[in-house]
Amino acid sequence: MSAGSNLRSADQFLCSICLDVFTDPVSTPCGHNYCKTCITHHWDDNVLYKCPMCQEMFHTRPQLKVNTFIREMVSEFRREAQQKSSSSSSEQQAAEPGEVPCDVCTGTRLKALKSCLVCLASYCETHLEPHLTAARLKRHRLVEPVENLEDRICTKHDKPLELFCKTDQMCVCTLCPVLDHKNHEFVPLREEYEGKKADLQKTEAEIQQMIQKRRLKIQEIRASLKISNDAAHREKAEGVQVFTDLKESVERRLKEFMKEMEDKQKTAEKQAEDFIKDLEQEICELKKRSSEVEQLSRSEDHLHLLQRFSSLEDAPPTKNWTEVRVHPPSYEGTVVRAVEQLEKNLREKMKKLFEAELRRIQQFEADVTLDPDTAYPRLILSDDGKQVYHGDVWKNLPDNPERFSTSSCVLGKQSFSSGRFYFEVQVKGKTDWDVGVARESINRKGDITVRPQNGYWTVILRNVNEYLAANDPSVRLHPSSPPEKLGVFVDYEEGLVSFHDVDAAALLYSFTGCSFREKLHPYFSPSPNNGGKNSAPLIICPVNQTV
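Conventions adopted
Every chain begins its residue count from 1, and numbering advances along the sequence as written. Residue-level local features of this predicted model are given only where pLDDT is at least 70; pairs of side-chain atoms are given and counted only at 80 or more, and the full residue set underlies all totals for whole chains, interfaces and linings. To obtain the side-chain values, all non-hydrogen atoms of the structure were included, while hydrogens and water were left out. What counts as an axis is a line fitted to C-alpha atoms, over the stretch in contact for a helix, and the angles between N-to-C directions run from 0 to 180 degrees. Runs of E in the DSSP output that reach at least two residues are strands. Runs of H or I that reach at least four are helices, and both are numbered from the N terminus. Note on angle classes: values under 35 degrees are labelled roughly parallel, values over 145 roughly antiparallel, values of 65 to 115 roughly perpendicular, and the remainder oblique. In this scheme the crossing of two helices becomes right-handed for a clockwise turn of the near helix relative to the far one and left-handed for an anticlockwise turn of less than a right angle. Here, two residues are considered to be in contact whenever any of their heavy atoms come within 4.5 Å of each other. For Phe, Tyr and Trp, rings pair up if their centres lie within 6.5 Å, where Trp contributes its six-membered ring, and each pair is then called stacked (planes under 30 degrees apart), edge-to-face (over 60) or tilted (otherwise). Working definition of a nonpolar core: buried Ala, Val, Leu, Ile, Met, Phe, Trp, Tyr and Cys residues. They are joined through side-chain atoms within 4.5 Å. Burial classification: accessible surface area is computed with a 1.4 Å probe over protein chains only, and a residue below 20% of its type maximum counts as buried, one above 50% as exposed, and the rest as partly exposed. Pairs of strands are assigned from DSSP output, requiring at least two bridges between the strands. One side-chain nitrogen of Lys or Arg within 4 Å of one carboxyl oxygen of Asp or Glu is enough to make a salt bridge.

Draft legend 1. Expanded view of the packing of helix 7 (residues 189-297) against helix 9 (residues 334-362). Contact pair helix 7 / helix 9: the axes reach a minimum separation of 10 Å and the direction vectors enclose 165°. Taken together, helix 7 and helix 9 sit at an angle that is classed as roughly antiparallel. Pair helix 7 / helix 9 crosses with right-handed handedness. Contacts from Glu235, Glu238, Val242, Asp245, Leu246, Ser249, Val250, Arg253, Phe257, Glu260, Met261 and Lys264 in helix 7 reach Thr334, Val335, Arg337, Ala338, Gln341, Leu342, Asn345, Leu346, Lys349, Leu353 and Arg360 in helix 9.

Okay, structure coming up:
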């Protein structure tokens, strides 16, 4: 008989008790074969002696002897199986770390192809053959190789875990519902498996969706980082250019100042040198005349002295140096004038810088309208929600939580919790006003103090010309001229609120290092009209980017 035919009829050599190849096969009187140890233990555990296969009863315990014919057949079968196992093991892979090994292999344990949930063992290709060919073993449930098969047996009843207790959410055997889980709800493992698998698929879909969202967020962050880096490079380049220009301007003004000083000094030196030269020339002439006079005075020749006297008596042709002065040039004010010119140049450059900065932040214009539900009852709002002024009539309005009850304030409808936004407000003709932004949670009832710690970031005007940044303490502002249009810019993440004189393209004040943790609303207070002196409205204006 060939090895192939032996393997194809391998179920002939399997013990029906241990389901493995016979070891010391014995035959019962009814003609069925078992491992000697298996049938002996079976009868030891039972009072009645009957055949496990055909259930034939024996009045006395049969005397069992090893069936030598079957033993030889089994030995031959084992040799041929071993040969096939040896030949195929060269083709099969040995189990690597992390892989499930065959439980039957001796020596080098090959990689298991399947695990049997009935036998609680894992088999390589060779040792799996009986489960694929033997009729009884074909009914066993095979799964992909798994470790710790003993975990699939109920520890209390020593039976396979085949049911799922939905009440206790655990796997149980067929005896558990009777003994330990009475009146619980049970389903087959496969049914619960399908449900849980569907849940896992749903979870997997949700996880993939979360992964995708995070990938998109990474792209968004990288895009934001690129924008930030580009802006930083652009700002650095502009900064280098500005400071280079400033340096060159300072150096140029220094050269001009030094040249002016040197020219004045050279002029004074030349004048003095010319005077000295003329004086030295006259001194030389006078010395010559003195020598002639001295010689003539020593002469004993009466006629000669008298003839020469008249020519020496006349005064020599010299200047009157009494009123001649060397006037040092005036250096006073030269440095001041040079610095003033430099300051003028700097102001021009600063104005250009502020204009460029204002154009950049104006790109973040937000369409702001006033929220009537927050307006103090004496305020008058325009129909389009763009203007507000203080009236003398108290309107009977509902005192909702959003409304200011004692201060002439109103918020913008729009709220901002990220990014940047900008709006402009006309303050022309007013003697008092507040403009800025406020936290959504600010106190709107009773007295209000506009300070950052209370949730307000504002610039205010009091008494016609007293401009203040409402910080703690307040900061006095000194605009070059009264602003007529105020620009408000907020960078939420940067923690920045800046105020600009739009027409002068000048920065009035910046709150920096702010920590915003909730929504911000534009904030406006036209202040009481003061007998008509402050009756002009605050007007939210469209941005005109022509600065």
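Draft legend 2. Expanded view of the packing of aromatic side chains. Scanning the model with the defined rule gives 14 aromatic pairs in all. A ring pair is formed by tryptophan 43 and tyrosine 49, whose centres lie 6.3 Å apart and whose planes are at 75°; its orientation type is edge-to-face. Here the aromatic residues Trp43, Tyr49 and Phe58 are joined through ring pairs into a cluster of three or more.

Draft legend 3. A look at the nonpolar core. In this structure, Phe423, Trp433, Val435, Val497 and Phe524 are the most contacted members of the largest nonpolar core, which totals 46 residues. If sequence neighbours within four positions are ignored, valine 435 has contacts with Phe423, Val425, Val427, Trp457, Thr458, Val459, Leu486, Val488, Phe499, Tyr523 and Leu538. Residues Cys35, Trp43, Leu64 and Val74 belong to the second largest nonpolar core, which totals 19 residues.

Draft legend 4. Representation of the sheet that holds strand 10 (residues 186-188) within the structure. If you trace the 3 strands from one edge of the open sheet to the other, you get 9-8-10, paired in antiparallel fashion. Looking at strand neighbours, the two that pair on one side only are strand 9 (170-172) and strand 10, the edges of this open sheet. Strand after strand, the sheet turns through a mean of 35° between neighbouring axes, direction not considered. Pairing between strand 8 (residues 163-165) and strand 10: 3 bridges, direction antiparallel. Bridge pairing in strand 10 links phenylalanine 164 to valine 187. Helix-sheet contacts for helix 7 involve strand 8, strand 9 and strand 10, and the interaxial angle to strand 10 is about 85°.

Draft legend 5. The arrangement of the sheet that holds strand 11 (residues 379-381) in detail. If you trace the 7 strands from one edge of the open sheet to the other, you get 11-12-23-14-19-20-21, paired in antiparallel fashion. Each of the sheet's edge strands pairs with one partner strand only, and the pair in question is strand 11 and strand 21 (506-511). Adjacent strand axes in the sheet meet at a mean angle of 20°, parallel and antiparallel pairs treated alike. Summarising the sheet, strand 14 (residues 420-426) and strand 23 (residues 538-541) pair through 3 bridges and their orientation is antiparallel. Each bridged residue has a counterpart across the sheet, and for valine 425 the counterpart in strand 23 is isoleucine 540. Across the face of the sheet, helix 9 comes into contact with strand 14, strand 19 (485-491), strand 20 (496-501) and strand 21 while running at roughly 110° to strand 14.

Draft legend 6. Molecular detail of the pattern of salt bridges. Under the criterion given, the structure shown has 22 salt bridges. Among the salt bridges present, the one from aspartate 274 reaches lysine 270, with a minimum N-O distance of 3.2 Å. Of this pair, aspartate 274 and lysine 270 both sit in helix 7, 4 residues apart, which is roughly one turn of that helix. On the basis of relative accessible area, aspartate 274 is assigned to the partly exposed category, the value being 36%. Among the charged side chains, a salt-bridge network with shared partners connects Glu235, Glu238, Glu357 and Arg360.

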